[in-house]
Amino acid sequence: MNPQAKLIFISSLLLGTTIVISSNHWITAWAGLEINTLAILPLISKSHHPRAIEAATKYFLTQATASALLLFSSMTNAWHTGQWDITQMTHPTSCLILTSALAMKLGLVPFHFWFPEVLQGSPLITGLLLSTAMKLPPITLLYMTAQSLNPTVLTGMAILSAALGGWMGLNQTQVRKILAFSSISHLGWMAIILVYNPKLTLLNFYLYTLMTAAIFLTLNSTNTTKLSTLMTSWTKAPALSAMLMLTLLSLAGLPPLTGFLPKWLIIQELTKQEMTPAATIIALLSLLGLFFYLRLAYCATITLPPHSTNHMKQWHTNKPVPSSIAILTVLSTTLLPLSPMISPTI
């Protein structure tokens with residue numbers, strides 16, 4: 001892709017996200033979301049492969065539907081209350097339509113169908129943007145309207161997301177699809193706590209972004225898209241593969257690592273809100289995700305390249321690890337001791 005064109009698209013992404021985050025009026029928020037959608041489409045379809053074109057088409061249709069629903073919900077609210085302010089969303093029907101629109105933007109169950117397909121058709125770096133940066137504007141809107149949303153609907157969607165995200169990721173062999181189902185599962189954790197403690201949703205999103213960025217950049221540097229290729233990356237970059245294993249376990253939420261922090265705080269908050277059954281169910285459902293993270297970690301580090309594979313054995317390279325990956329992997333595994341500093345602010 002032409003560097004100037006890429007610069008324009010990345011700038012448009014930043015502009016769209018900034019507009020959504022800083023807006024108080026529904027029309028400006030909608031405009032920001034539209035700029036974002038139009039800027040990411042060329043980045044998805046830049047390889048001109050039929051799968052990439054299909055992914056871009058699916059993404060466009062889903063996001064256009066979600067934007068129309070968002071506009072419809074804000075107009076209904078304005079019709080009934082005379083308010084266009086984002087924080088003044090008070091009409092129950094408008095809130096329900098808004099929840100559906102933002103769930104479709106994010107890929108929450110039952111509107112998750114597009115996300116694994118789009119991620120599978122995108123390059124790894126665009127996949128990283130879709131999993132992290134493109135989710136920031138809808139999460140910001142959820143944060144601003146959190147007090148108006150229906151907790152029962154959100155809890156139901158959250159538990160279904162954690163269940164389906166874990167369940168459907170079990171039999172995947174494509175790394176991008178596994179990461180897409182992982183994203184759906186994590187969105188469940190963010191949605192369940194949104195009404196009770198929106199700051200925890202943001203904390204979870206920030207830490208998820210950190211860990212996912214580390215994983216996508218590592219996979220991009222070893223050029224890995226399938227489990228069979230992941231098995232041969234150990235010989236190419238042993239240190240990077242070892243850190244990838246730790247980052248994956250952190251994303252799964254295992255205790256001494258960073259990923260345990262948001263899960264711990266969310267379960268604690270749900271218990272305080274007398275939602276112990278929901279906390280128990282979502283904690284048990286995270287075990288499904290743990291299975292496929294362990295499988296990825298096993299493929300990345302423990303398996304030697306099998307002789308039946310079609311891939312050539314890759315020789316060890318002396319190429320240094322990019323500093324961005326080094327910083328992100330360290331943060332993805334060592335932030336748990338900061339929890340006493342974070343807890344009082346939430």
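What counts and how
Residues numbered from 1 in each chain as written. Predicted model: local features only at pLDDT ≥ 70, side-chain atom pairs only at ≥ 80, totals over all residues. Heavy atoms only, no water. UniProt positions renumbered as here; feature names shortened; annotations may be inferred. Helix = DSSP H or I, 4+ residues; strand = E, 2+ residues; numbered from the N terminus. 1 Å grid on protein atoms, 1.4 Å probe; cavity = no way out; pocket = protein on both sides within 12 Å on 5 of 7 lines; lining within 4 Å. Points joined across faces, edges and corners; volume = space filled by probe spheres on them. Nonpolar A, V, L, I, M, F, W, Y, C, P; charged D, E, K, R; others polar. Expected span 1.5 Å × (residues − 1). Buried < 20%, exposed > 50% of the residue type's maximum accessible area, 1.4 Å probe, protein only. Arc of directions from axis to C-beta. Contact = heavy atoms within 4.5 Å. Salt bridge = Lys/Arg side-chain N within 4 Å of Asp/Glu carboxyl O. Axes fitted to C-alpha atoms, helices over the stretch in contact; angles between N-to-C directions. Parallel < 35°, antiparallel > 145°, perpendicular 65-115°, else oblique. Left-handed = near helix turned anticlockwise from the far one by under 90°. Core = buried A, V, L, I, M, F, W, Y, C linked by side-chain atoms within 4.5 Å. Domains from an automatic or database assignment.

J.: With reference to specific residues and values, describe the UniProt feature "domain: NADH:quinone oxidoreductase/Mrp antiporter transmembrane" (unreviewed entry) in the protein.
T.: The UniProt record marks residues 23-287 with the feature "domain: NADH:quinone oxidoreductase/Mrp antiporter transmembrane" (unreviewed entry), using the residue numbering of this structure. Counted over residues 23-287, helix gives 75% and strand 0%. Its end C-alpha atoms are 39 Å apart.

J.: Would you mind going over the environment of Q273 in detail, with residue names and values included?
T.: Among the structural elements, Q273 can be located in the loop between helix 13 (260-272) and helix 14 (276-301). A sequence separation of 77 residues divides Q273 from Y196, and the C-alpha atoms of the two residues are 7.7 Å apart.

J.: Account for the layout of surface pockets, naming residues and giving values.
T.: By volume, the largest pocket is sized at about 200 Å³. Taken together, I10, L13, L14, T17, L129, T132, A133, L136, F205 and T209 make up the lining of the largest pocket. Looking at the lining of the largest pocket, the elements that each hand over two or more residues are helix 1 (3-22) and helix 10 (198-222). Among the elements that make up the lining of the largest pocket, the one with the highest residue count is helix 1 (four residues). Here the residues of the lining of the largest pocket are counted per class, giving seven nonpolar, three polar and no charged.

J.: Summarise helix 15 (residues 323-334); cite the residues concerned and give the values.
T.: Given a rise of 1.5 Å per residue, twelve residues ought to cover 16 Å, and the 17 Å separating the end C-alpha atoms of helix 15 matches this to within 8%. Looking at helix 15, one finds that the buried residues are I325, L328, T329, S332 and T333. One side of helix 15 carries all its buried residues, which in axial view fall inside an arc of 120°. Across from the buried face of helix 15, at angles greater than 90 degrees, the exposed residues are S323 and I327. Those residues of helix 15 that are buried are in contact with helix 10 and helix 12 (238-252).

J.: If you had to explain the pattern of salt bridges to someone new, which residues and values would you point to?
T.: All told, the structure shown has three salt bridges when counted by the stated rule. Where K58 meets E54, a salt bridge forms, and the shortest distance between an N and an O atom there is 2.8 Å. Within this pair, K58 and its partner E54 are both found in helix 3 (residues 50-81), separated by four residues, close to a single helical turn. By relative accessible area, which is 29% here, K58 ends up partly exposed. The salt bridge partner of K177 is E117, with a shortest N-O separation of 3.5 Å. Pair noted here: K177 is in helix 9 (residues 175-193) and E117 is in helix 5 (residues 114-121), with a separation of 60 residues, a long-range link. On the accessibility criterion, K177 (17% relative accessible area) is buried. Its relative accessible area of 29% is what places E117 among the partly exposed residues. Shared partners join several salt bridges into a network, and the residues in it are E54, K58, E117 and K177.

J.: Tell me about the packing of helix 9 against helix 14, and name the residues and values.
T.: Between helix 9 and helix 14, whose axes approach to 11 Å, the crossing angle comes to 160°. Between helix 9 and helix 14, the interaxial angle falls into the category roughly antiparallel. Here helix 9 and helix 14 pass one another in a crossing that is left-handed. Counting all contacts with helix 9, which are made through V175, I178, S182, H186, G188, W189 and I192, the residues of helix 14 involved are A278, I282, A283, S286, F292, Y293, R295 and L296. Residue composition of the contact of helix 9 with helix 14, by class: ten nonpolar, four polar and one charged.

J.: Requested: an account of the nonpolar core, with residues and values cited.
T.: Counting residues in each nonpolar core, the largest one holds 104 residues, and the members touching the most others are Y59, L130 and L141. Looking at which domains feed residues into this core, each of domain 1 (1-123) and domain 2 (150-307 + 320-345) supplies at least three.

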